[in-house]
Amino acid sequence: MSSTAEPATSRPERTWLVSEHLDDVLGRLRPLDPIELRLLEAQGCVLVEDVTVPVALPPFDNSSMDGYAVRVADVAAASEEFPAVLTVIGDIAAGSGELPRVGPGEAARIMTGAPLPPGAEAVVPVEWTDGGSGGGPASGMLAHSAAPEGAGGEVRVHRPAAARAHVRARGSDVGAGELALRAGTVLGAPQISLLAAIGRATVRVRPRPRVVVLSTGSELVPPGEPLGPGQIYDSNSFALAAAARDAGAIAYRVGAVTDDAATLRATIEDQLIRADLLVTSGGVSVGAYDVVKEALTGLGDDADGVRFRKLAMQPGKPQGFGFVGEGGRDRAPLLALPGNPVSAYVSFELFVRPAIRTLMGVEPVHRTVVSAVCPEGVASSLPGRRQFLRGRYDADENAVTPVGGSGSHLVKALAHANALIVLPEETTSLEPGGTVDVVLLD
């Protein structure tokens, strides 16, 4: 991964605006190079080429019903009292090659998806016939293996059919030469279905970024293990890996790394081979055991190495960004996030998610922001900082309600939020019924 612009410089202790940090991050990233992938491997990737249809879809006229291929004139006067009696000349199953010609007074038993035979002008559903039984209306066909005689004999048709009834016309879905998918399309199941239907086995896409997530902290224990004195469960690596997947990335979660600079450095170096982006949480503040700064020193060159900043935001004041590795394939951008769970998640939404979307080359890069009423208001907000409060947004009312307090450790409140309430740097409080910007997380 290489940068496309020189990094912004900073004076010691300078406080960066949220927008400045974000611009620096995105300005130094470029989309991943396109590759050719097989269809299922391309799921979630962004198409980098317009795809046109080589052959019409469907490629031939075919039946949309199980029934009988007939000539319109032969069933024009058909009724339950006076059914049209036709000679059955054979079966036409889906995938049939040689097709019998349907002549006057004849019908061919036909299955859904099977090609319309020459001479036939419409399909009569089997429910409009006696199914060749000589009795009343049929409810379906017997399996050919169980009743091969159904492909011969006579069938009584109880209703007329208009020309082209129950026939899917060649090219009725999409014609040869038409545009199937535009470059920039994210490939989901329906798009992959279309590509397969038109015969594409591979497609050229920007791959999903590989994001390696690491938590730091000697106090962290994996969920499922007993807690010792002073220990807590590692939630950040799970939250950030899940958020990376939601953003479209392939996420690799690395177990929590202890507060040892050499161990963290070695772990990062080991992960570079599979990382298009690295995300760490914890160890970026001013404590004696905040080892991320120490560990990352020297992992990048002087121009692009990781820099640590104070941002005018709450939560998430300490942040780090730069490139690690020696160049070529083993060089990747790294975003260092604070360790408090809410700080880490808010930082992900503001900075990491847009970085992932930029690497994918897909729009929109940012979450949707709407203006909404806050009936409860906000009692206080620190001046000079952009505050991000967890909130519950009601689209029907276009209203947002704060969830929980402002503490950056309140994971439960985060779990019940579907939005971030944004209070600008100059706002110190919001009156009840005031209007705020809301970042939608759903």
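Residues numbered from 1 in each chain as written. Predicted model: local features only at pLDDT ≥ 70, side-chain atom pairs only at ≥ 80, totals over all residues. Heavy atoms only, no water.

Caption draft 1: Representation of the overall build of the protein. Summing up its helical and strand segments, the protein has 8 helices and 27 strands in all. Computed over the C-alpha atoms, the radius of gyration of the protein is 32 Å, more than 25% above the 22 Å expected from 2.2 N^0.38 for a compact globule of 442 residues. Based on the C-alpha atoms only, the size of the protein along its principal axes is roughly 95 × 55 × 45 Å. Residue burial in the protein is summarised as follows: out of 442 residues, 45% are buried. Within the protein, contacts between residues at least 6 apart in sequence are counted, and of these 72% link residues at least 24 apart. (Helix = DSSP H or I, 4+ residues; strand = E, 2+ residues; numbered from the N terminus. Rg over C-alpha atoms; globule rule 2.2 N^0.38 Å. Buried < 20%, exposed > 50% of the residue type's maximum accessible area, 1.4 Å probe, protein only. Contact = heavy atoms within 4.5 Å.)

Caption draft 2: Main features of the packing of aromatic side chains. Within this structure, the stated rule accounts for 1 aromatic pair. Arg159 extends its terminal NZ or CZ atom over the ring of Trp128, reaching a point 4.0 Å from the ring centre. Of note, Arg309 hangs over the ring of Trp16, and the distance from its end group to the ring centre comes to 3.8 Å. (Phe/Tyr/Trp six-rings, centres within 6.5 Å; stacked < 30°, edge-to-face > 60°. Lys NZ or Arg CZ within 6 Å of the ring centre and 35° of its normal.)

Caption draft 3: Structural detail: the nonpolar core. Val211, Leu277, Met313, Leu335, Phe348, Val352 and Ile356 are the most contacted members of the largest nonpolar core, which has 44 residues in total. Element by element, the count of residues in this core is highest for helix H7 (residues 341-360), at 11 residues. With residues near it in sequence (within four places) discarded, Val211 still touches Ala244, Ala249, Ile250, Ala251, Tyr252, Leu277, Val279 and Ile356. Listed in part, the 20 residues of the second largest apolar core include Val212, Val254, Val257 and Ala275. (Core = buried A, V, L, I, M, F, W, Y, C linked by side-chain atoms within 4.5 Å.)

Caption draft 4: Region of the structure containing helix H5 (residues 261-271). Buried within H5 we find Ala261, Leu264, Thr267, Ile268 and Gln271. Burial along H5 is one-sided: seen end-on, the buried residues are contained in an arc of 130°. Of the residues in H5, the exposed ones pointing more than 90 degrees away from the buried face are Ala262 and Asp270. (Arc of directions from axis to C-beta.)

Caption draft 5: Seen up close, the pattern of salt bridges. Applying the stated criterion across every chain, the model contains 15 salt bridges. The closest approach of N and O atoms between Arg28 and Asp304, which form a salt bridge, is 3.3 Å. A residue pair is termed long-range when its members are at least 10 positions apart, and Arg28 in the loop between helix H1 (18-27) and strand S2 (35-38) and Asp304 in the loop between helix H6 (292-296) and strand S19 (307-311) qualify at 276 residues. Of the two residues examined, Arg28 and Asp304, each falls in the buried class. Measuring nitrogen to oxygen at the nearest pair gives 3.1 Å for the salt bridge that ties Asp276 to Arg210. Residue Asp276 is located in the loop between H5 and strand S18 (277-281), and its partner Arg210 is located in strand S14 (residues 210-216); the two are separated by 66 residues in the primary sequence. Taking relative accessible area as the criterion, Arg210 reaches 25% and is therefore assigned partly exposed. A network of salt bridges, in which partner residues are shared, links Asp24, Arg28, Asp304, Arg309 and Arg331. (Salt bridge = Lys/Arg side-chain N within 4 Å of Asp/Glu carboxyl O.)

Caption draft 6: Broad picture of the confidence of the model for the protein. Overall, the predicted model of the protein reaches an average pLDDT of 90, with 91% of residues at or above 70. Taken element by element, the predicted model of the protein shows its lowest mean pLDDT in H6 (83) and its highest in S2 (98). In the predicted structure, residues 1-11 sits below a pLDDT of 50 and forms 33 contacts with residues beyond four places in sequence or in another chain. (pLDDT = per-residue confidence, 0-100.)

Caption draft 7: Examining the pairing of S14 more closely. Summarising burial for S14: 6 of the 7 residues are buried, a large majority. When S14 meets strand S17 (residues 250-257), the two strands line up parallel, connected through 6 bridges. Bridged to Val211 within S17 is Ala251. The pairing of S14 with S18 spans 5 bridges and is classified as parallel. The partner of Val212 across the bridge, within S18, is Leu278. (Pairing = 2+ DSSP bridges.)

Caption draft 8: Representation of the sheet that holds strand S13 (residues 202-206). With antiparallel pairing, the 3 strands of this open sheet are ordered in space as S2-S13-S3. Of all strands in the sheet, those bounded by a partner on one side alone are S2 and strand S3 (46-47). Across 4 bridges, the pairing between S2 and S13 is antiparallel. Each residue of the ladder has a partner; that of Leu37, found in S13, is Val203.

Caption draft 9: Looking closely at the packing of helix H4 (residues 236-247) against H7. The interhelical angle for the contact between H4 and H7, taken along N-to-C directions, is 30°, at an axis separation of 10 Å. On the basis of their axis angle, the class for H4 and H7 is roughly parallel. The handedness of the crossing between H4 and H7 is right-handed. Across the interface between the two elements, Asn236, Leu240, Ala243, Ala244, Asp246 and Ala247 of H4 pack against Pro341, Ala344, Tyr345, Phe348, Arg353, Ile356, Arg357 and Met360 of H7. Residues of the contact of H4 with H7, tallied by class, amount to 10 nonpolar, 1 polar and 3 charged. (Axes fitted to C-alpha atoms, helices over the stretch in contact; angles between N-to-C directions. Parallel < 35°, antiparallel > 145°, perpendicular 65-115°, else oblique. Left-handed = near helix turned anticlockwise from the far one by under 90°. Nonpolar A, V, L, I, M, F, W, Y, C, P; charged D, E, K, R; others polar.)

Caption draft 10: The arrangement of the side chain of Arg331 in detail. As for its position among the elements, Arg331 is in strand S22 (residues 331-337). In this structure Arg331 comes out as buried when scored by relative accessible area, which is 10%. Reaching out from Arg331, the side chain makes a polar contact with the side chain of Asp304 at a distance of 2.7 Å. (Polar contact = N/O pair within 3.5 Å; in protein donor to acceptor, adjacent residues only side chain to side chain.)

Caption draft 11: Examining the sheet that holds strand S7 (residues 84-92) more closely. Across the sheet, which stays open at both edges, the 5 strands sit in the order S9-S6-S8-S7-S10 with mixed pairing between neighbours. Edge positions in the sheet fall to strand S9 (122-125) and strand S10 (154-157), since each has one partner strand and no second. Averaged over all adjacent pairs, the angle separating strand axes in this sheet is 40°, with direction ignored. Direction of pairing for strand S6 (residues 67-70) relative to S9: antiparallel, over a ladder of 4 bridges.

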